[in-house]
Every structure is written in structure tokens, then in C-alpha cells.
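Structural characterization, general
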Amino acid sequence: MVAIGLLFALCQPAAAQRFTFDTFGYDQGLTNVALNCVKQGRDGFVLACTEHGLFIHNGRRFKNLDEKNGLPDGGQLWALAIDPAQRVFVAFSNAIYMSRTGLDPRSSPTRMQFRHFLAKKNVQMDTNREIVAWNGGAVVRSDGNLLFADPADGSVGLLGDRPGFSALAALGPHVRFLTGSGDRLWISLDDGRLCSIRTQGAVGCFDKRNNLPDQQWYGLLEATDGSLWARSDNIIVHLPAGQTRFEIDSIPGDPGRYLGHEDRLQIRELPDGRVITQGNDALLMLGDHRWTILDGPNGVPAATLSGLMIDVEGNLWLAVRGVGLARTIGTGFGNWLNFDHRDGLSDNVVWQIATASNQQAFIATEKGLDALDSAGDRPRIGVITTSSTYITLCDRLGRVWHATGGRGLYRSDPRDQTIRFFETPPVFSATQGPDGVLWFGTADGVYTIDSTQPESVPVRIPDIVGQVKAVAAENGSAWVLVHSSLWHVSRGRTQRISVNWGEPDFDPNEVALDGPGRLWVGGTTGHLLKLSLRGDHATVEARIGQPPLISTAVVSLFTDRRGWLWVGTDSGLSVFDGSRWTAANMGTGLIWNDINQGAITEGQDGSMWFGTSGGLSHLMSPRSLFDRRPPMLLITDATVGDKPAGTKRLAYGRQPLMLRFGTLNFMDRGAIRYRYRLDGLDEGWVETTIPEARYPFLPSGHHQFQVVAFNSLTGLSSPPCVLDLSMAFPWWRSWWFEALVPVCLLLAGYGVLRLRTRYLLFRQKQLQELIDLRTQEIRAAQAALLLQATRDSLTGLPNRAEIQRRLQEWLLPGPKAHTVCVGLLDLDHFKSINDRFGHLAGDDVLQEMGRRLAEHLDGNEVAGRYGGEEFVVLLAADGVHPLARWHRLKAILTDEPFLADGRELSVTCSVGISCGIPGESWQTVISRADKALYSAKARGRNRVVDADFLKAS
């Protein structure tokens, strides 16, 4: 027998609504964790005040802004404010600064520049603690005074000194806290009053007459509905919009660690209209005058919280002094309520949930059936049974039906605390139709119970045999999965539906309705199928894969009253609202990713419950899954080498290009993917999970880098983020160089042409010189040959042939023709010289004779060797007979002795002469001269005989 006991009355308080936090500290760039405040801009930029100045999250990590941004390098930063133009005002202990431009996702926030406000003469700034962007500038509380930082002239002066604000003088230097919104500034005074200041200078105050207790007020908040909240150490007051009397609620506990540091106490408005503030080691939420306490067991750090912030995604940020920043994970703070064994659940493995009311639920876990009661300041969990429970349903009469792993079905009635057991096969699935009929799928068939009848019992449906995997019920009918077959049960009639799953490995194990005539069917393998039904036949209308499903291992299907389809998988949830898919996992707020089979149900208030292998999740606002913001993308850094890129044209280089980008979304950060491309380098989009892109170098020219972020859970994408990049061309590709190249080529061509011309001229000159040299050599050779041919080699005088040729030329008729006298000269007794003195001596005589003839002949006289010791001499004889000349010449030739072989010899000669006239043959003239020579020889030698006159001289 199973031991069961109803313990609703004994439910114990549970540390429910467990929060999971993302933390930001040293590893995320927040190198100083002595935090004073945290704020967020409209687009998602998160800024933090620290004891080392201002930090800002650039979409990737926190960066410290310092002197490069126009701010001090460090220093105690107490407060900051952001105006509607997204300009940032920061209040250091003794200085105020304002950003020159507003926060803009199109520009990296680390490039922001700040200007310093100068204090007027009558202003002391040494305890700036709060700053509010208001009326075009910023209002600062310093030493109890209100100072106004005016961007128009960059000065800080007393707000009361401004035109129209003279009424502030009556308040005195007693301001304790301030806040502002729109055209109204709220301040608290030392005397316990709360006052409002309009932008025109009008002042209105509230005090005891408005039911405002006489306390010191901190943490002022003007809510979105225009109401005012303020708190002291132990009470919180609320002035509804348009009212004049305050509502008062006591704050549970004592301020503890905030005593003496009340200026750190803050009030923030939650998305659901409740407010939240700090307690000692706890967060306190107030709604409808009811407090909810969140402390250590809920995941709230037991530390000083110096700042609270609700971000643009609805999540809560804590500035944990000495630790860092912490942000709740989920689709809005308080939207996900998570429970596990630490909160009182019997076990973390939750198989099914049944809701009895908006505040009560029953949870079937691996180790028992639990009851959860959310009434009161803390949820309470009690144990109904300690046996493993896999099925639970709550009928319309408030009774709880549940089943363990064994046979049978239990019905527990909390009204009379009775339990009844019904015999059935082991139950594996259960659902309730809109008509209140309960359907149970068992190891052998389907059973129904009409829960509207107090004494109804389980009734088996005929014809269905075997293990039932899943049941989907509607009014009066149900769809049943048995093994791999689909059945329809309607008003007692059972019909098997013919369906071709179309996937050989598809094993259906879950079914859900999709309106009239349509079903969803899922399995742990294959696709999610959408079926269209016609009679006993079903066809696959659509196959849904991944994406948009977060996983195709479908273990649970549920259609809620809105008509939304909820798909539970081993990796989280996918949801379809009829037109759009989205998804959720642990990064979205789910306690665990692994959804259990059949562990999705809808609360009576439209909220959703999910059972996982790691605990129970309760989603208060399902619409929040579809209301998530698209990724807000920005490019944080772009560098080529160590130089920033994208601001101006870069000098040519081959350093690597590094681009870093990120998103200003803190929800679903693990689901963000990026697609990027650089024109000219990337042929298509590059997809990555790493928020950076690296290229070996940036080519010369103009390029455009585009990057898009998309959320893989929601399918939402950011607009493209575009960065124009420009790299100078190398000098050899510059315009002036390209213009110079043709000129240089022309000059080079001209130079080459000139060089070639010079070379050719040089070669021509060389060739000419060589030709001249060869010509000279040829001429010399010719001259030598001519000389050899026309000269006697011994005497150097013309030889016989040459002298005959000349004689013939002289005798030729013509204008140059003239009379010539030919003399044949023969050395007397020459043979005796050879015989006596040798032939060499004879040669010496002949050479000497040739020399004397060449030396003593006139310009129109020619001598030549005729042969042996005979010589021929040609003399011009125009009009004058040359006989006398012959006598003189003979004397000149023979009067002096001849030197032969070292001896002086006396040598004589005989001469026969004959004159020839033009037209006469040379042979005739020579013949006469030869006869005359013969006559001279005959007459005794050493004489001249004229052939014409035949007389000797």
C-alpha cells in the first residue's frame, strides 16, 4: 500500500522564485567593483559609477573612460544621469562632466568625449552625491544645495539663482535626496517635507497635512503613472498621481547595513507596476500593499547593494559593492518563477504539473507529489505523497488525480482529505479536455473520467489495445497515439487514422491539437509534423525542423487556450503563436533545458508551467517571449595594426585588420550569432558565434564592412551595421606615380632611343674606323702591291713596266701631251764591280745611283730602273732640247765616288737619249735611245749620245 497523506495545512515556507544572475566583474572588464550606481541608456548601454571613475559596457565588456575621453583618470564617481538626448552627466566628488555627444550604437561609446563644468564663484562642489538630468541640463545635490549644470555656458551655479527659481531660496541648504522625470524635480528636505519643482520654477511641498510622516526620506521615485514613492529607514510612502494624501506601508525588517548609508537606498519600478527596494541582506518587493521578500535562498547576494536598475529588457541589475554587477536572467524580472529541491520540492525531476487556481499547483516529481501555494509573502510547498509520481491532474471539483509508476490511479480530495484508489494499468500520460473529461493513457489502452460527476470512475475506451504514448483531448473526443499509430475517439466511436509519417525513423510520442481538422505530432527523431485530417485519413501538411525548433528531439507538445503551440525538447522550449516561432532556454529564464514528457501545462491565469529534469519553471507572462528586442548591434573596435580604422583614410600597410562587435542585449547572449562580410574579400556572408572578424590585411581602396547580429532563439535580426574603410594605395599606385609612369616611360624610351642611337652611332663609328682601318690596310697593301708592281725593290725607283707606262702616258695625244726626252743610262764596267767586289757591292752602287737620281731630278723628271745596271730617265723637252740637262745630270750622278761595301769606287755611266713627240710609240723612242746608248758605249763610254743628233757631248 502506498503511504499517502494530505499535508496542505502543513505546507512550509519555501525559498521560491529562485533567481539566476549573470555577473560582471574583473573578467568582464569591471576592474573596480567599489560601485556607487548603475544606469542604462535608451539603446541598452550600461554605465557604472565606481571609485575609479566611469565604466561603460560597449557590447562586449566594460571599459573604463579616462583622460583620453576628457575625464579624470580615476576618482570617486558618485552618480550619473542620462538626459533624453542620451548625453551623459557624471558627478565626481568635486567636479561635473557632460558628454559632448549622446550615446549612439552607431559609434563606440569608448570614443565619447566629455566637457568639464566650471563652478561659479559662490559655489562649492565637494560632496556631489546625486545628479538628475533635468530642464536641459543637470541638477546636482552638493552640501544640501541644489546646483544646476548648464550646458549653454559650461558653468555650475545655484539652481535658485536662475531666473524664475527664486522660490527655492525659502527651502535653504537642506536638500537630502532628489529625483526627476519630465518637467518635474522631486526633492526631500531635512525637515521631512517632499517638494516638487517645475521647470518654470514653481515649488510645491508635502508634509504632515498630506499624511506624510515626519521622517528622513531617501530613494525618491516618480513612477511611470506619475505617482511618487519615497522611503525612510522603516516605512515607504506612495502618493498616487493626482492625489494629495500619501499611502503608508511599513518596511519589513530593519535597514541593517544601510544605517549611516541611507543615501544608497533606492526604489525602482518593476515592469508589472510593483516597486522594489533594498532590505538588510534582502530585496523587498511591494505590490497591492503586500511585501515579497527575496534574500539569499532566492539567489540575492548578502551584500551592500549600492544601486538598483530595471533595464530596457525588464530585468533587474544590482550594483553589489565589492563584488560587481549582477543581472537577473529571464524575460523580465519576476516573469520566471523557478523552484527546485532547495525550495522544498521533493525532487528536481518534475514529470507533470496540475493547477488548481492562480495560486495553487500540484507537482508530480520523481520522489513524490508536492503542493505549491503561492499565497502570502513567500510561496509554500508541501508534500502530498513521497512515492514517485508521474501523472497529476486537477479536476473541476478541485480533486487531484495522480499516478505512480505502478498500477492504479489515485484521487485525493483536499476538501475532506480523502484518498481513493482505482484499478488501472500503469498510467503514462494524462490530459483534461475543455469539457472537464479526464483522459489517461495507460500501458494497455485509454481510460476516461467525467470529473464533473462526483462519483465517476475510470472507463476504458474499447478497441484501443497496447501502450498509449500520448492523448490530446477536445470537447467529447480525443486523439491517441498507440505505438506508431494514430486513433480518434469521439462519442464512444473509435477510429484508426491512416497516416504516412514519411520518415522511416520517425517515432511519434507526442500529439497536440491545432484547431479543427489539424494536429501536431512530434517524436524524439525527425521533424515536428503538422497533420491535416479528412475522415479516417491524415496527410502531412508541414514538417518543422531546426530551426525554427530549438531541437528536433520533441518530448512534449501542448496547445494553450490562446492557440499557441508549446514544444518541449531536450534543449529548451519552442513556441509558435500561429505566425511566428520563438524559443526559450536557461539563458531566457528556464530553470533547466531538458523538458520532461508531458510536463507543460497552462495556469488558469494564462501563465505557463514547465517540468524539467532540473526543477520547475513558472512563466508569468508568455507574451514576453515574443516581446524580446531584436539585437542592438554596434562595432566596438576596428584597427589595422595598432591604428584605428574607419575614421579616416589609412596610410598604406600590410598589417592585419581586426574588427570587434557586440550587442547591447544582455538577454539571450549565448544565442546571438553574427553574419559579416567585407566587400572585395568575402564572397558571401561569414557566420560565427565569435563577435570579431580578422583579415590578414586591408587591401588598398575603399571597402565596406557589414555585420548583422541575429538571435537564434527568436529569429530576430539587427539592422546591418556598416563601417566604411579606406586604405591608401602604395606610392607606386598613387595618382602622381601613375601619371609619372607614362612620362618616365616616354623619357626612358627616349633615353633608350638616345642611348641606342648613340650606341648605333658609336658602333657605326667603330665600324667606319674599322672599315677605314681595313681600307687603309687594303690601300697600304694595294700601295705595297702597287709599289711592288711599279717600283724596283733594290733602288726604290719605278721599275721597267712603270717607267714604260709613264712614257706611254706622256706620249699619248691630248691637251696634256708634250715632248719627252728619254735617256737610257748604263753604268760602265758594272760587271767588273760585281766580279771584283761582289754582288752586294754592286747592289750598293745601284742603290746609290737610284738615290742620286731620286734626289736630283726635278718635279717633271722621272727616273726608273730599266734592268740590271741600266736606268731610264724621262725629261720634259717642250720647246727646249734637254741635252745640257743631261750633261749636268750625268756629272751630278758620277762625279762623286760611290761607297760600296765600305769602299769608295769611281763609277761612270753612258747615256743614250732620244726625244719623242706625242703620238709616237714608246717602243720607238726607247729603241732610238737604246741605239744612242750603244753608240755611247762604242765611243768609249762615260758620255752622252743624242740619238736625234748623233753627236756626243
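Everything below is about the structure shown above.
Below you will find a few notes about this structure.

Rules behind the numbers
Residues numbered from 1 in each chain as written. Predicted model: local features only at pLDDT ≥ 70, side-chain atom pairs only at ≥ 80, totals over all residues. Heavy atoms only, no water. Helix = DSSP H or I, 4+ residues; strand = E, 2+ residues; numbered from the N terminus. Rg over C-alpha atoms; globule rule 2.2 N^0.38 Å. Buried < 20%, exposed > 50% of the residue type's maximum accessible area, 1.4 Å probe, protein only. Contact = heavy atoms within 4.5 Å. Areas by Shrake-Rupley, 256 points an atom, 1.4 Å probe, with all protein chains shown as cover. Lys, Arg positive; Asp, Glu negative; His and termini not counted. Charge placed at Lys NZ, Arg CZ, Asp CG, Glu CD. Core = buried A, V, L, I, M, F, W, Y, C linked by side-chain atoms within 4.5 Å. Phe/Tyr/Trp six-rings, centres within 6.5 Å; stacked < 30°, edge-to-face > 60°. Lys NZ or Arg CZ within 6 Å of the ring centre and 35° of its normal. Pairing = 2+ DSSP bridges. Polar contact = N/O pair within 3.5 Å; in protein donor to acceptor, adjacent residues only side chain to side chain.

When you go through the chain residue by residue, the secondary structure sums to 6 helices and 74 strands. A globule of 953 residues ought to have a C-alpha radius of gyration of about 30 Å, yet the chain, at 63 Å, is considerably larger. Judged by the C-alpha coordinates and their principal axes, the chain covers about 200 × 90 × 50 Å. Sorting the 953 residues of the chain into buried and exposed places 53% on the buried side. The long-range fraction of contacts in the chain, counting pairs at least 24 apart against all pairs at least 6 apart in sequence, stands at 55%. Total accessible area on the chain stands at roughly 41,700 Å², and carbon and sulfur atoms take up 51% of it. Separation between the mean location of the 96 positive side-chain charges and that of the 102 negative ones in the chain comes to 6 Å.

With 32 residues, the main nonpolar core has Leu-194, Trp-217, Phe-246, Leu-283, Leu-318 and Phe-333 as its most contacted residues. Among the elements of the structure, strand S20 (218-222), strand S21 (228-231), strand S22 (235-239), strand S26 (282-287), strand S28 (305-310) and strand S29 (316-320) are those that each provide at least two residues to this core. Every residue in contact with Leu-283, bar those within four places of it in the chain, is listed here: Ile-276, Thr-277, Thr-292, Ile-293, Leu-294, Val-300, Leu-305, Leu-308, Leu-316 and Leu-318. If you look at the next biggest cluster of nonpolar residues, it comprises 31 residues, including Leu-875, Phe-898, Val-911 and Val-944.

Right, let's get into unusual backbone geometry. Residues Gln-546 and Pro-547 are joined by a peptide bond in cis, for which omega reads -15°. Mapped onto the elements of the fold, Pro-547 is located in the loop between strand S51 (537-544) and strand S52 (554-559). Here the amide bond leading from Pro-547 into Pro-548 is cis, since omega sits at 15°, within 30 degrees of zero. Within the secondary structure layout, Pro-548 lies in the loop between S51 and S52.

Moving on: the packing of aromatic side chains. Scanning all chains against the criterion turns up 27 aromatic pairs. Ring geometry for Phe-661 against Tyr-674: centres 5.2 Å apart, planes inclined by 55°, an arrangement best described as tilted. Linking Phe-661 in strand S61 (residues 657-663) with Tyr-674 in strand S62 (residues 672-678), this pair joins segments that are 13 residues apart in sequence. The residues Phe-661 and Tyr-674 share a single accessibility class, namely buried. In textbook terms, an aromatic cluster arises when at least three aromatic residues are bridged by ring pairs, as seen for Trp-336, Trp-564, Trp-566, Phe-610 and Phe-626. Its guanidinium or amino end placed over the ring of Phe-710, Arg-675 lies 3.9 Å from that ring's centre, counting from NZ or CZ. Arg-852 extends its terminal NZ or CZ atom over the ring of Phe-898, reaching a point 4.0 Å from the ring centre.

With that settled, consider the sheet that holds strand S64 (residues 692-695). One open sheet holds the 4 strands; their spatial order is S60-S59-S61-S64, and the pairing between them is antiparallel. Lying at the two open borders of the sheet, with one neighbouring strand each, are strand S60 (643-644) and S64. Relative to S61, strand S59 (residues 633-640) runs antiparallel, the two sharing 7 bridges. In the strand pairing of S61, Val-640 is matched with Leu-657.

The residue Thr-392 is located in strand S36 (residues 389-394) in this model. Overall, Thr-392 belongs to the buried group, its relative accessible area being 0%. A polar side-chain atom of Thr-392 sits 3.5 Å from the main-chain carbonyl oxygen of Trp-401. Not counting residues within four places of it along the chain, the set of residues in contact with Thr-392 comprises Gln-352, Ile-353, Ala-354, Phe-362, Ala-364, Leu-369, Val-400, Trp-401 and His-402.

The subject of this paragraph is the environment of Phe-837. Position of Phe-837 among the secondary structure elements: in helix H3 (residues 830-837). In this structure, the C-alpha to C-alpha distance between Phe-837 and Arg-903, residues 66 residues apart in sequence, is 9.1 Å. Not counting residues up to four positions away in its chain, the partners in contact with Phe-837 are Ser-832, Asp-901, Arg-903 and Leu-905.

Further remarks concern the pairing of strand S41 (residues 437-442). Each regular strand displays side chains that alternate between the two surfaces of the sheet. Burial analysis of S41 places 6 of its 6 residues in the buried class, the great majority of the element. Both strand S40 (residues 427-432) and S41 contribute to a ladder of 5 bridges, which runs antiparallel. Of the residues in S41, the one forming a bridge with Ala-430 is Phe-440. Linking two consecutive strands that pair antiparallel, namely S40 and S41, is a turn of 4 residues; a positive phi of about 90° is found at Gly-436 within it. Here S41 runs beside strand S42 (residues 445-450); their pairing, made up of 6 bridges, is antiparallel. Directly across from Trp-439, in S42, lies its bridge partner Thr-448. Taken together, S41 and the strand that follows it, S42, pair antiparallel across an intervening segment of 2 residues.

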